[in-house]
Amino acid sequence: MIPPAVPAALHPLVAAFLTDRDGVRAALRRYGSPVHLVFPQIFAANLTALRAVLDAAAVRHRICYAHKVNRSAAFARTAAHTGIAVDVASAGELRSALSAGFPADRIEVTGPKGATMLRATLAAAATVNVDNLWELTTLAELAPPESAVPVLLRVSGFSGSAPSRFGIDLADVATALELLVRHRDRLRLLGFAFHLDTAATAERVNAVGDCLELIERAYAHGLAPSVLDIGGGLRQVFTADAGGYDAYDHALRAGLLGRGPALHWGNNTFGYHVAEGTVHGGPVFHKYANTEPAAEILAELLAAPLPGHGGRALGAVLTDNLLDLWLEPGKALVDHAGITVAQVEFVKHAGNGARLVHLDLSRDTVTAADQEVLIDPIVLAEVSEPRPVGVYFAGHLCLERDLITQRQVRVAALPSPGDPVVFPNTAAYHTDLSAAQAAMHPTPAKVAVLHRAGQFVLCPDLDYLPGGR
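Owing to the predicted nature of the structure, the values given are computational and were not obtained by experimental measurement.

## Considering the overall build of the chain
Part 1: On a plain count of helices and strands, the chain comes out with 13 helices and 20 strands.
Part 2: Referenced to the eigenvectors of the C-alpha coordinate spread, the extents of the chain come out at roughly 75 × 60 × 40 Å.
Part 3: Residue burial in the chain is summarised as follows: out of 469 residues, 52% are buried.
Part 4: A sequence separation of at least 24 residues applies to 69% of the contacts in the chain between residues at least 6 apart.
Part 5: Accessible surface computed for the chain: about 19500 Å², of which carbon and sulfur atoms make up 53%.
Part 6: Within the chain, one finds 38 positive and 46 negative side-chain charges whose respective centroids are separated by 4 Å.

Below, the structure written as structure tokens:
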């Protein structure tokens, strides 16, 4: 069986770049293979789309680019240039943000922080998104009395939401408020924050309702919070054909049950549980099925009725109460703004009959947390007579696990050595989250792609300066 195709959605700028096959090959010759390509202009366009939604809803807001999504200096500098803020989660990201040009009042430090990180944050005079009571107590001890540190309290434990390792449980907020009152000369409460591991609007609305009650409790303590930070989690759109995704998923499950050709390698079930002739549960690759752009998800949230407020929309309630909405998008800002290109080394037939297309990169270079990617890589080869076939893409590590795709992928014809293979939409976590230098392979180069005066221009990521400078 030839597996169904799952074509990737491509931004028009990326699609135009890939039509110039000679240009792609020239990039590989100049920067080596594999190479990560980032498109700052698409980052800026994604930001414009989110800003348009917020402006249309007349919501006072701050967008904080979640730096952890990608190490790219070009993205960080683009974010700084556009005037938004940044969310950093390590000392390295803090240094990157300062180097990119973010002033202290546009830097927010999130995630769990030890004493060393808290001291670095205080030295930078950034806002602290406090994750737990220990952090809050330690901040009060470390902070100088002459200027109160701006803090957000990250809270968790909302009814109906999955347990989270992050945040101060709702039951402990009273203790946090007492600490803030006791140390008001050293700590200044800006507001409350949360992060949910879901994009479901109903859960976010519920969390917002609980946070508004916390704001009222803070007022009663003589504090003056004015910020509600709803974190990130806005989804990406990976596939250009939702029907293709569904067809592949159906064929994959049939293969797992032995009712069709196997599309999976070995015993991999991709998160499914197979028992009693049925496939149970959901796949690890479910996020690749989403077709709703981040801007639409945000618009839906702002328009959602907020329980207990007379059916008024969430955005209107925030505006009426003079509250600032903070967001921490990462994936949404780099959606479609990055690709990874590698080259075919050779093709071989395995003993089980599988066709293996070996590339000069590893699975860790293009997957997030080792999760299977359910959009197809693109082979840039001249195919005079298509002969579709299913292949597995294999990596260059001397490890059985280094199959870049642990599922069969449909290609128009068997590739040849030297053919470029493009992994679409890799900017969000795929390139950096699991990146390693196993077997002493070098880290791939990261290069910014610019479109100026009808021409594509490439420059090393670290050399990119926004605004044509």
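From this point, the narrative continues.
## Re the nonpolar core
Part 1: If you look at the biggest cluster of nonpolar residues, it comprises 105 residues, and the most contacted ones within it are Tyr-65 and Phe-192.
Part 2: At eight residues, the largest contribution of residues to this core is made by helix H9 (residues 201–220).
Part 3: Domain assignment of the residues forming this core places at least three in each of domain 1 (12–39 + 336–463) and domain 2 (41–235 + 291–333).
Part 4: Leu-256, Val-279, Val-373 and Ile-375 belong to the second largest nonpolar core, which has 17 residues in total.

## Details of the layout of surface pockets
Part 1: Its volume calculated, the largest pocket comes out at about 1300 Å³.
Part 2: Together, 44 residues line the largest pocket, and His-195, Leu-196, Asp-197, Thr-198 and Lys-331 are the ones closest to its centre.
Part 3: Breaking the lining of the largest pocket down by element, the ones donating at least two residues are strand S6 (149–156) and helix H13 (331–334).
Part 4: Of the residues belonging to the lining of the largest pocket, the class tally is 19 nonpolar, 15 polar and 10 charged.
Part 5: Shared between two domains, the lining of the largest pocket takes at least three residues from each, and those domains are domain 1 (12–39 + 336–463) and domain 2 (41–235 + 291–333).
Part 6: Space inside the second largest pocket adds up to approximately 420 Å³.
Part 7: Along its surface, the second largest pocket is lined by 28 residues, and His-36, Ala-435, Pro-442, Thr-443 and Pro-444 are the ones closest to its centre.
Part 8: The residues that make up the lining of the second largest pocket include at least three from each of domain 1 (12–39 + 336–463) and domain 2 (41–235 + 291–333).

## Quick word on helix H5 (residues 91–100)
Part 1: Every buried residue of H5 is accounted for by Glu-93, Leu-94, Ala-97 and Ala-100. The arc enclosing the buried residues of H5, seen along the axis, measures out at 130 degrees, which places them on a common side. Along H5, exposed side chains directed more than 90 degrees from the buried face belong to Arg-95 and Ser-99.
Part 2: Looking at the buried side of H5, the elements it contacts are helix H4 (73–82), strand S3 (85–88), strand S4 (107–109) and helix H6 (115–124).
Part 3: Directly beyond the C-terminal end of H5, a positive phi value near 110 degrees is found at Gly-101.

## Considerations on unusual backbone geometry
Part 1: Omega for the bond connecting Ser-33 with Pro-34 falls within 30 degrees of zero, at 0 degrees, which places this linkage in the cis form.
Part 2: Tracing the backbone shows Pro-34 in the loop between helix H2 (21–31) and strand S1 (35–38).
Part 3: Here Ala-58, not a glycine, exhibits a phi torsion of approximately 55 degrees, which is positive.
Part 4: One can find Ala-58 in the loop between helix H3 (40–56) and strand S2 (61–66).
Part 5: For Asn-425, which is not glycine, the phi torsion reads 55 degrees and is therefore positive.
Part 6: Residue placement: Asn-425 occurs in the loop between strand S18 (420–423) and strand S19 (445–452).
Part 7: The buried category is assigned to Asn-425, whose relative accessible area is 2%.

## A short note on helix H1 (residues 12–19)
Along an α-helix, residues three or four positions apart point the same way, because every turn accommodates 3.6 residues.
Part 1: All of the buried residues in H1 are Leu-13, Val-14, Phe-17 and Leu-18. Along the axis of H1, the buried positions cluster into a sector of 135 degrees, meaning they face one direction only. For H1, the exposed residues lying more than 90 degrees away from the buried face are Pro-12 and Thr-19.

## Brief notes about the state of the cysteines
Part 1: One pass over the full model with this rule turns up zero disulfides.
Part 2: This cysteine, Cys-64, is not joined by any disulfide, and Cys-211 carries the nearest cysteine sulfur, 15 Å off.
Part 3: For Cys-64, a relative accessible area of 0% puts it in the buried group.

## Topic: the UniProt feature "active site" (unreviewed entry) in the chain
Part 1: According to UniProt, the "active site" (unreviewed entry) feature falls on Cys-398.
Part 2: In this fold, Cys-398 is placed in the loop between strand S16 (389–394) and strand S17 (409–411).

## A closer look at the pattern of salt bridges
Part 1: As enumerated under the stated definition, the model contains 17 salt bridges in all.
Part 2: Put simply, Asp-370 and Arg-401 hold a salt bridge, and the shortest N to O gap is 3.3 Å. Within this pair, whereas Asp-370 is found in the loop between strand S14 (355–359) and strand S15 (378–379), its partner Arg-401 is found in the loop between S16 and S17, the two being separated by 31 residues in sequence.
Part 3: Assessed through its relative accessible area of 35%, Asp-370 is described here as partly exposed.
Part 4: Given the relative accessible area of 34%, Arg-401 is considered partly exposed.
Part 5: Overlapping salt bridges, with partners in common, bring together Arg-363, Asp-364, Asp-370, Glu-372, Asp-376, Arg-401 and Arg-407 in one network.

## A few points about empty space enclosed by the protein
Gaps left between atoms show up when a probe the size of a water molecule is rolled over them.
Part 1: All chains considered together, the criterion is met by one cavity of 30 Å³ or more.
Part 2: There is about 130 Å³ of room inside the largest cavity.
Part 3: Forming the walls of the largest cavity are 16 residues, and the residues nearest its centre are Val-366, Val-373, Ile-375, Pro-377 and Phe-423.
Part 4: Partitioning the lining of the largest cavity into residue classes produces nine nonpolar, five polar and two charged.

## Quick notes on the packing of aromatic side chains
Part 1: Evaluated as defined, the whole model comprises nine aromatic pairs.
Part 2: Both rings, one in Phe-43 and one in Tyr-65, keep their centres 5.1 Å apart while their planes meet at 85 degrees; by these two values the pair is edge-to-face. Taken together, the residues Phe-43 in helix H3 and Tyr-65 in strand S2 connect sequence positions 22 residues apart.
Part 3: Residue classification places Tyr-65 among the buried residues on the basis of a relative accessible area of 0%.
Part 4: Ring-pair connections join several aromatic residues into one group, and the members of that group are Phe-17, Phe-39 and Phe-456.

Cut-offs used in this document
- Residues numbered from 1 in each chain as written.
- Predicted model: local features only at pLDDT ≥ 70, side-chain atom pairs only at ≥ 80, totals over all residues.
- Heavy atoms only, no water.
- Helix = DSSP H or I, 4+ residues; strand = E, 2+ residues; numbered from the N terminus.
- Buried < 20%, exposed > 50% of the residue type's maximum accessible area, 1.4 Å probe, protein only.
- Contact = heavy atoms within 4.5 Å.
- Areas by Shrake-Rupley, 256 points an atom, 1.4 Å probe, with all protein chains shown as cover.
- Lys, Arg positive; Asp, Glu negative; His and termini not counted.
- Charge placed at Lys NZ, Arg CZ, Asp CG, Glu CD.
- Core = buried A, V, L, I, M, F, W, Y, C linked by side-chain atoms within 4.5 Å.
- Domains from an automatic or database assignment.
- 1 Å grid on protein atoms, 1.4 Å probe; cavity = no way out; pocket = protein on both sides within 12 Å on 5 of 7 lines; lining within 4 Å.
- Points joined across faces, edges and corners; volume = space filled by probe spheres on them.
- Nonpolar A, V, L, I, M, F, W, Y, C, P; charged D, E, K, R; others polar.
- Arc of directions from axis to C-beta.
- Disulfide = S-S within 2.5 Å.
- UniProt positions renumbered as here; feature names shortened; annotations may be inferred.
- Salt bridge = Lys/Arg side-chain N within 4 Å of Asp/Glu carboxyl O.
- Phe/Tyr/Trp six-rings, centres within 6.5 Å; stacked < 30°, edge-to-face > 60°.

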